[in-house]
Amino acid sequence: MPPTNAITGRSVRAVAERTADLLNALARDDVRPEEIAGVLSDHGEHDPVVTVHDVESMRVSADLLRGVLAANDAAEAAGRINGVLARVARPPRLTDHGGTSHWHVHVDSDDDAPLAEWFLASAGMALALLVTDRQRPPGGLCASRGCDRAFLDAGSGSPRLYCSRRCATRERVAAHRAGRA
């Protein structure tokens, strides 16, 4: 069977990682439909077709999901996820996409639901599962000055503040220099 990013087992993290990558791509003003299709392909979606209308609709979904990642604590993240799911989620259903994948759960309206609906529903569900599993926000927005990248924080230990080691190092160096001045 071809790989999928279903909401089961370890694939919850894969869906959340796909969400962060889509949020970062959709944050760019000049993103093209083929770039979004490339992100989807990189995350196991087969031959995604993305239109200009899809990109614009997905931007609305992305704004809602960025709000989840901007939450300060689990309660705030949960409230924002509940708002996302109330807006788009349908009763859970099992699908194998006509035999092209393994059975997995969807919470969008249909296998042929609009791309923005599918994105918001699958991302909302994955982020909800991460909150329930870890009891803290599922990720964040980079705290480094000039960077606003979304990131997944599914690791153990202290919550992350930065999207990458590069941003964290840049902030530590800036703080060190400011302390010396």
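Conventions we followed
Note on numbering: residues in each chain are counted from 1, in written sequence order. Only residues with pLDDT of at least 70 are given local features in this predicted model, and only at 80 or more are side-chain atom pairs given and counted; all residues enter the totals for whole chains, interfaces and linings. Computation of side-chain values: all heavy atoms of the structure, hydrogens and water removed. Per-residue confidence from the prediction method is given by pLDDT, with values spanning 0 to 100. For this analysis, residues touch if any pair of their heavy atoms sits within 4.5 Å. Axes, fitted as lines to C-alpha atoms, cover a helix only where it is in contact. Angles between the N-to-C directions of the axes lie from 0 to 180 degrees. Secondary structure elements are taken from DSSP: a helix is a run of H or I of four residues or more, a strand is a run of E of two residues or more, and numbering for both begins at the N terminus. In this scheme, roughly parallel covers angles under 35 degrees and roughly antiparallel covers those over 145, while 65 to 115 is roughly perpendicular and the rest are oblique. Here the nonpolar group is Ala, Val, Leu, Ile, Met, Phe, Trp, Tyr, Cys and Pro; Asp, Glu, Lys and Arg are the charged ones; every other residue, Gly included, is treated as polar. By convention in these notes, a salt bridge is any Lys or Arg side-chain nitrogen within 4 Å of a carboxyl oxygen on Asp or Glu. Working definition: with a 1.4 Å probe on protein chains only, accessible area under 20% of the residue-type maximum means buried, over 50% means exposed, and in between means partly exposed. Contacts described as polar in this section are N or O atom pairs within 3.5 Å, which, within protein, must combine one atom able to donate a hydrogen with one able to accept it, while residues neighboring in sequence count only if both atoms come from side chains.

Some details on the confidence of the model for the protein chain
Within the protein chain, residue pLDDT values average 90, and 94% of them lie at 70 or more. Confidence drops under a pLDDT of 50 for residues 1-10, and excluding neighbours within four residues, the segment shows 30 contacts in the predicted structure.

Some remarks on the packing of helix α3 (residues 52-69) against helix α4 (residues 74-88)
The geometry of α3 relative to α4 is characterised by a closest axis approach of 8 Å and an angle of 155° between their N-to-C directions. In terms of orientation, α3 and α4 fall into the roughly antiparallel class. On α4, the residues that touch Val60, Leu64, Leu65, Gly67 and Val68 of α3 are Ala77, Arg80, Ile81, Val84 and Arg87. The residue inventory of the contact of α3 with α4, partitioned by class, reads 7 nonpolar, 1 polar and 2 charged.

Re the pattern of salt bridges
Throughout the structure, instances matching the rule amount to 14 salt bridges. If you follow the salt bridges from partner to partner, you end up with Arg28, Asp30, Arg32, Glu34 and Glu35 in one network.

With respect to the side chain of Arg134
Structurally, Arg134 can be placed in helix α5 (residues 115-134). A relative accessible area of 17% places Arg134 in the buried class. Side-chain polar atoms of Arg134 contact the backbone oxygen of Asp153, separated by 2.5 Å. When neighbours within four sequence positions are excluded, Arg134 is seen to be in contact with Asp153, Ala154 and Gly155.

Re the side chain of Thr95
In this structure, Thr95 sits in strand β1 (residues 93-95). A distance of 3.0 Å separates a polar side-chain atom of Thr95 from the backbone nitrogen of His97. In this view, Thr95 contacts His102, Trp103, His104, His106 and Asp111; residues no more than four positions away in its chain are not counted.

What to know about unusual backbone geometry
With a phi close to 50°, Asp47 is a non-glycine residue in the positive phi region. With respect to the helices and strands, Asp47 occurs in the loop between α2 (33-42) and α3. Phi at His97 is positive, roughly 50°, even though this residue is not glycine. By the secondary structure assignment, His97 is in the loop between β1 and β2 (104-106). Given a relative accessible area of 29%, His97 falls into the partly exposed group.

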